[in-house]
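Notes for the structure review
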Amino acid sequence: MASISPDAVPRIARLYRFQWEPAQGAFVLLFPEGMVKLNEAAGEILRRCNDRDTAAEIVADLEQAFDSDDLTADVQAFLAEATDSGWVEWRTAGAHP
Amino acid sequence: MSSAPDPIPLWLVAELTYTCPLHCPFCSNPVDFAHRGTELSTAEWERVLREARALGAVQLGFTGGEPMSRPDLEQLVAQARGLGYYTNLITSGVGLNERRIGALRDAGLDHIQLSFQDSTRELNDFLSSTRTFELKRRTAGLIKAHGFPMVMNCVIHRLNIDHVERIIELAEQIGAEYLELANTQFYGWAYLNRSHLLPTRAQLERADHAVAAARARLGERLRIYHVISDYYENRPKRCQNGWGTTFIVVNPDGTALPCHAARVLPGLEFPSVREQSVRDIWLHSPAFTRFRGTDWMPAPCRDCPEREKDLGGCRCQAYLLTGDVTATDPVCDKSPLHARVLEAIAHAEHESALRPLVFRAPENSLRLDQSAAATVGS
């Protein structure tokens with residue numbers, strides 16, 4: 001399992017496109033000849049993987065949006081899984097690819 | 001029907017043309033393609049793309065024939081991308097030159113699937129009846145140079161299945177992200193040529209081992225899809241994830257089908273996008289509702305605890321092998337006619353082909369009629 005540094009900045013990986021699908025009422029990840037339909041939590045995390053915010057900032061933003069105070073473990077676990085699946089790529093904060 | 005939400009045609013297959021420079025004897029196009037009507041215009045395709053997108057279609061495959069032979073491909077890709085589709089180009093590589101691949105990039109094309117017929121020049125060129133092996137390798141370089149994700153597709157059958165390791169090596173060499181090893185499904189031209197193409201069980205088992213070893217070696221670097229011919233299974237596969245639930249094919253002349261092969265089925269009128277909206281076709285046409293769900297099933301499917309799992313299997317296979325469109329897919333060992341599949345397998349083990357290969361070409365298509373095609377091998 002990938003380990004997640006709070007200072008690193010995630011983005012949707014090159015092979016994937018992330019978008020909202022009104023007909024399905026869900027965010028999806030699209031890739032060559034395939035699609036992953038995301039549940040609400042996964043969609044809310046991935047929509048924040050914008051190549052600008054750090055993992056810690058994403059957690060803080062979600063905690064505010066969902067009025068919750070300890071999402072760190074859940075978000076990190078999901079981001080680790082998403083990284084292992086190849087959905088998410090990372091860079092170090094401040095560094096530009 | 002119950003009150004379940006309407007199904008969504010998530011996958012739209014746009015068969016832009018039957019024109020193709022290749023002549024593969026396992027082509028999934030109908031054997032009567034040369035008798036078919038005029039191609040949809042650019043404006044007609046644009047309407048189809050809009051209407052299907054409004055229903056929720058999101059994966060779009062531009063295919064054919066060879067879609068590069070449509071000069072308006074770039075325009076259709078640009079429109080599709082603007083509508084929010086994920087756009088896949090499914091090509092032999094012929095016609096995909098530097099100028100057009102740049103234009104496709106600018107139009108927003110998401111991905112290119114490039115076909116090879118084999119890992120060797122000799123067999124690739126023999127099966128396609130063209131000298132295209134080197135061209136395909138060059139095209140793969142162009143695809144990578146322009147930054148597209150690339151799926152390499154190779155249809156697998158008796159004549160090339162023993163090359164599976166080398167086919168995987170070719171995919172690595174050309175930098176494909178995905179490799180689709182698509183074992184021949186026996187419809188259309190492939191059904192006509194089944195005695196040449198159906199591999200033996202021993203061949204399939206060797207290929208399975210080769211794929212497993214390659215997956216262990218390559219991990220995420222190259223993802224390998226290995227689609228097995230279900231003649232060697234004892235339960236059938238769902239028809240396109242369920243008839244009329246996920247998939248819609250639009251033929252070059254505008255005929256809409258629930259799967260590539262469905263036109264062989266008698267007693268069904270397939271609607272045309274020239275006469276009806278995609279919405280009416282998808283939700284209400286008898287062709288798309290006929291085998292949706294489980295209400296249509298006779299025994300043994302009707303009483304089977306697995307009926308929701310495979311939905312009775314493939315209607316085209318059931319018809320081709322039994323002559324009855326509502327029969328249980330005879331791949332299933334609960335089918336009273338399962339012996340027909342076992343006979344085809346036994347034939348593959350013991351006998352060589354009795355007829356010459358029939359290459360996909362307009363002159364062969366004109367010569368063959370549907371009834372002749374449907375009786376071959378049964």
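Predicted model only: the values in this text are computed from it and were never measured.

1. Some words on unusual backbone geometry
- Of note, the bond from Gly 64 of chain B into Gly 65 of chain B is cis; its omega dihedral lies within 30 degrees of zero at 15°.
- Summarising the element assignment, Gly 65 of chain B is placed in the loop between strand S2 (59-63) and helix H2 (73-83).
- Positive phi, close to 70°, is recorded for Asp 51 of chain A, a residue that is not glycine.
- You can see Asp 51 of chain A is positioned in the loop between helix H1 (40-46) and helix H2 (55-65).

2. Describing the nonpolar core
- The biggest cluster of nonpolar side chains holds 106 residues, and the ones touching the most others in it are Phe 62 and Ile 168 of chain B.
- Once residues within four sequence positions are removed from consideration, Ile 168 of chain B is found in contact with Leu 179, Leu 181, Ala 210, Val 211, Ala 214, Arg 217, Leu 218, Leu 222 and Ile 224 of chain B.
- The next biggest cluster of nonpolar side chains, apart from the first, holds 28 residues, and it includes Phe 18, Phe 31, Leu 38 and Val 75 of chain A.

3. Description of the sheet that holds strand S3 (residues 86-91) of chain B
Residue and element names in this part refer to chain B.
- Spatially, the nine strands line up as an open sheet ordered S7-S6-S5-S4-S3-S2-S1-S8-S9, and their pairing is mixed. Bordering the open sheet on either side are strand S7 (223-227) and strand S9 (256-257), each of which pairs with just one other strand.
- Sheet topology places strand S8 (residues 247-250) next to S9; two bridges connect them, and they run antiparallel. Note on S9: the bridge partner recorded for Val 250 is Ala 256.
- Strands strand S4 (111-116) and strand S5 (150-156) of the sheet are contacted by helix H5 (residues 133-145), whose axis makes an angle of about 165° with S4.

4. Comments concerning the interface of chain A and chain B
- On the chain B side, the residues contacting the 17 residues of chain A number 26 residues.
- Of the roughly 1,600 Å² buried where chain A meets chain B, counting both sides, 50% is carbon and sulfur surface.
- On the chain A side of the contact with chain B, Arg 17, Pro 32 and Glu 33 of chain A bury the most area, a combined 41% of that side's loss.
- In this structure, the connection of chain A to chain B is made through three salt bridges.

5. Digging into helix H6 (residues 164-174) of chain B
Residues and elements named next belong to chain B.
- Taken together, the buried positions of H6 are occupied by Val 164, Ile 167, Ile 168, Leu 170, Ala 171 and Ile 174. Projection of H6 onto a plane perpendicular to its axis shows the buried side chains occupying an angular sector of 155°, all on one side.
- Check the buried side of H6 and you find it contacts S4, H5, S5, strand S6 (178-183), helix H9 (201-218) and S7.
- After H6 finishes, the residue Gly 175 shows a positive phi value of roughly 80°.

6. Regarding the pattern of salt bridges
- In the structure shown here, the tally under the stated rule is 28 salt bridges over all chains.
- Across the pair Glu 89 of chain A and Arg 11 of chain A runs a salt bridge, and its minimum N-O distance is 3.2 Å. Taken together, the positions of Glu 89 of chain A in strand S5 (residues 88-92) and Arg 11 of chain A in strand S1 (residues 8-12) put the pair 78 residues apart, joining distant regions of the chain.
- On the accessibility criterion, Glu 89 of chain A (29% relative accessible area) is partly exposed.
- With its nearest N and O atoms 3.1 Å apart, the salt bridge here joins Asp 162 of chain B to Arg 206 of chain B. Of this pair, Asp 162 of chain B sits in the loop between S5 and H6 while Arg 206 of chain B sits in helix H9, and the two are 44 residues apart along the sequence.
- When its relative accessible area of 43% is taken as the criterion, Asp 162 of chain B is described as partly exposed.
- In this structure Arg 206 of chain B comes out as partly exposed when scored by relative accessible area, which is 48%.
- Each of Arg 235, Glu 306, Lys 309, Asp 333 and Lys 334 of chain B takes part in a single network of salt bridges with overlapping partners.

7. Describing the packing of aromatic side chains
- Evaluation of the coordinates by the stated rule reveals 13 aromatic pairs over all chains.
- Arranged with centres 6.2 Å apart and planes meeting at 55°, the rings of Phe 33 of chain B and Trp 189 of chain B form a pair that is tilted. Of this pair, Phe 33 of chain B sits in the loop between strand S1 (11-15) and helix H1 (42-54) while Trp 189 of chain B sits in helix H7 (residues 188-192), and the two are 156 residues apart along the sequence.
- Measuring from centroid to centroid gives 5.7 Å for Trp 282 of chain B and Phe 288 of chain B, while their planes differ by 55°, and the two rings are tilted. With respect to burial, Trp 282 of chain B and Phe 288 of chain B carry one shared label: buried.
- Aromatic rings pair up to connect Phe 18, Trp 20 and Phe 27 of chain A into one cluster.
- Against the face of Phe 148 of chain B rests Arg 105 of chain B, its NZ or CZ located 4.3 Å from the ring centre.
- The aromatic ring of Phe 116 of chain B is capped on one face by Lys 136 of chain B, whose charged end is 5.9 Å from the ring centroid.

Conventions adopted
- Residues numbered from 1 in each chain as written.
- Chains lettered and ligands numbered in written order.
- Predicted model: local features only at pLDDT ≥ 70, side-chain atom pairs only at ≥ 80, totals over all residues.
- Heavy atoms only, no water.
- Helix = DSSP H or I, 4+ residues; strand = E, 2+ residues; numbered from the N terminus.
- Core = buried A, V, L, I, M, F, W, Y, C linked by side-chain atoms within 4.5 Å.
- Buried < 20%, exposed > 50% of the residue type's maximum accessible area, 1.4 Å probe, protein only.
- Contact = heavy atoms within 4.5 Å.
- Pairing = 2+ DSSP bridges.
- Axes fitted to C-alpha atoms, helices over the stretch in contact; angles between N-to-C directions.
- Buried area = accessible area lost by both parts, 1.4 Å probe.
- Salt bridge = Lys/Arg side-chain N within 4 Å of Asp/Glu carboxyl O.
- Arc of directions from axis to C-beta.
- Phe/Tyr/Trp six-rings, centres within 6.5 Å; stacked < 30°, edge-to-face > 60°.
- Lys NZ or Arg CZ within 6 Å of the ring centre and 35° of its normal.

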